[in-house]
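One letter stands for each residue in the lines below.
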Amino acid sequence: MAARAALHALSVAAGVTVVVGTSVLQDPAPGDVAGETIPGTQVAFEMAFVPGGVFELGSPVDETGRDDDEGPVRRVRIEPFWMGVHEITHDEFAVFRYRRLDDHASAAADLPFDADAVSRPSPPYEDPAHGMSKDGHPAVGMTRRAALQYARWLSTKTGRLYRLPTEAEWEYACQAGEDRAYGFDGASGELGAHAWLANNSRATYQAVGLKAPNVWRLRDMHGNVAEWVADRYDAAFYASLPDGEPAAGPISGLPGRGQGVVRGGSYVDGPADARCAARFPETPYWKRRDRQIPKSRWWNTDSEHVGFRIVRPARDVGIDEIQAYWNAVLGA
């Protein structure tokens with residue numbers, strides 16, 4: 001219980017001063033975008049500012065395509081955070097995956113980082129991308145644990161807490177204060193402007209960031225590839241939240257363990273599966289061609305439609321807190 005409380009406290013930590021690279025940005029506005037570079041590389045990524053607020057988690061019973069695990073609707077309070085503008089790309093994940101691309105550089109001279117001590121993905125049983133394009137495209141096929149390990153590595157290298165979003169944070173960012181089903185005005189004719197789905201993807205994922213963003217400058221929240229979140233899957237979790245005063249953004253268990261869940265739908269899905277409230281638990285089918293015993297902890301042979309994006313709390317989090325968070329999630 002103590003570890004769970006520590007996770008929850010760190011996940012919703014907030015403030016008005018945001019550390020961006022080596023500078024300090026005061027009072028960012030919703031949708032402000034900050035560039036980041038992985039220390040020791042030329043690989044850059046962007047984070048968009050998501051303001052705090054209260055929203056309704058889940059979907060109403062009359063929402064088209066709704067599943068039973070999307071309710072009952074509960075009010076949830078979310079603290080401000082930064083979120084990746086798009087999913088982690090192959091270019092970003094490769095620095096973590098391949099030791100030859102990483103080095104001992106960190107964000108600050110007094111921040112120790114030992115590239116040789118990093119736990120990195122083992123070689124996959126098969127190509128996780130199934131031959132699809134890589135450069136500029138989302139990294140796919142990793143397990144939730146591998147996504148968590150990437151975030152831990154990036155946190156250690158930069159001295160800032162990068163992690164997976166909770167389900168509540170992800171859904172809140174998807175809605176972006178707009179239409180609760182799709183994060184814009186909801187007109188069916190506009191979904192194609194925001195999402196790569198089965199009807200326009202040509203049966204492959206696409207390069208990140210090609211579709212229109214939502215009002216908080218987040219792209220590919222609908223379709224392209226589904227995204228791991230921090231929580232374990234619990235079909236009945238929403239019912240455990242209070243019905244009345246908004247709950248703080250939830251974590252439904254120690255996120256390093258249990259059955260994972262992905263959000264957002266993918267390039268093989270239709271509009272109903274790309275709704276903000278749609279939840280998809282991981283399945284053994286994603287490892288069906290992995291004949292290893294035990295099966296890989298790093299890769300799925302058949303989840304080429306699944307990737308992830310990262311978030312960062314809006315306040316600076318100390319090194320001790322970062323270590324406590326990851327020790328609770330993944331162990332020391």
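Here's what I pulled together on the structure shown here. Residue numbering note: each chain is counted from 1, following its sequence as written. Totals for whole chains, interfaces and linings use all residues, but because this is a predicted model, local features are given only for residues with pLDDT of at least 70 and pairs of side-chain atoms are given and counted only at 80 or more. To obtain the side-chain values, all non-hydrogen atoms of the structure were included, while hydrogens and water were left out.

Counting secondary structure elements, the protein chain contains six helices and 13 strands. Taken along the three principal axes of its C-alpha coordinates, the protein chain extends 55 × 45 × 35 Å. Relative accessibility decides the category of a residue: with a 1.4 Å probe and only protein chains considered, values under 20% of the type maximum give buried, values over 50% give exposed, and everything between is partly exposed. A buried classification covers 55% of the 332 residues belonging to the protein chain. All accessible-area figures derive from a Shrake-Rupley calculation using a 1.4 Å probe, and residue coverage is judged against the displayed protein chains alone. Carbon and sulfur atoms provide 52% of the accessible area of the protein chain, an area that totals close to 13,300 Å². Of the side-chain charges in the protein chain, 35 are positive and 45 negative, and the distance between the mean point of each set is 5 Å. Helix and strand assignments come from DSSP, with helices taken as H or I runs of at least 4 residues and strands as E runs of at least 2, each series counted from the N terminus. Counted as positive: Lys and Arg. Counted as negative: Asp and Glu, with His and the chain ends omitted from the count. In this description, the location of a charge corresponds to atom NZ of lysine, CZ of arginine, CG of aspartate or CD of glutamate.

Looking now at the environment of D32. The topology assignment puts D32 in the loop between β2 (23-26) and β3 (33-37). In this structure the C-alpha to C-alpha distance between D32 and P246, which are 214 residues apart in sequence, comes to 26 Å. Two residues form a contact once any of their heavy atoms are found within 4.5 Å. The residues touching D32, leaving out its near neighbours within four places in the chain, are M47, A48, F49 and W82.

Two cysteines form a disulfide when their sulfur atoms are joined by a covalent bond. The disulfide criterion is simple: two cysteine sulfur atoms within 2.5 Å. Counted by the stated rule, this structure contains one disulfide. Here C174 pairs with C276 through a disulfide, and the sulfurs are 2.2 Å apart. As the torsion about the S-S bond is roughly -75°, the C174-C276 disulfide counts as left-handed. Taken as a pair, C174 in helix α4 (residues 167-175) and C276 in the loop between β10 (260-263) and β11 (279-281) lie far apart in primary sequence, 102 residues in all. Classification of C174 as buried rests on a relative accessible area of 1%. Note on C276: relative accessible area 0%, which makes it buried.

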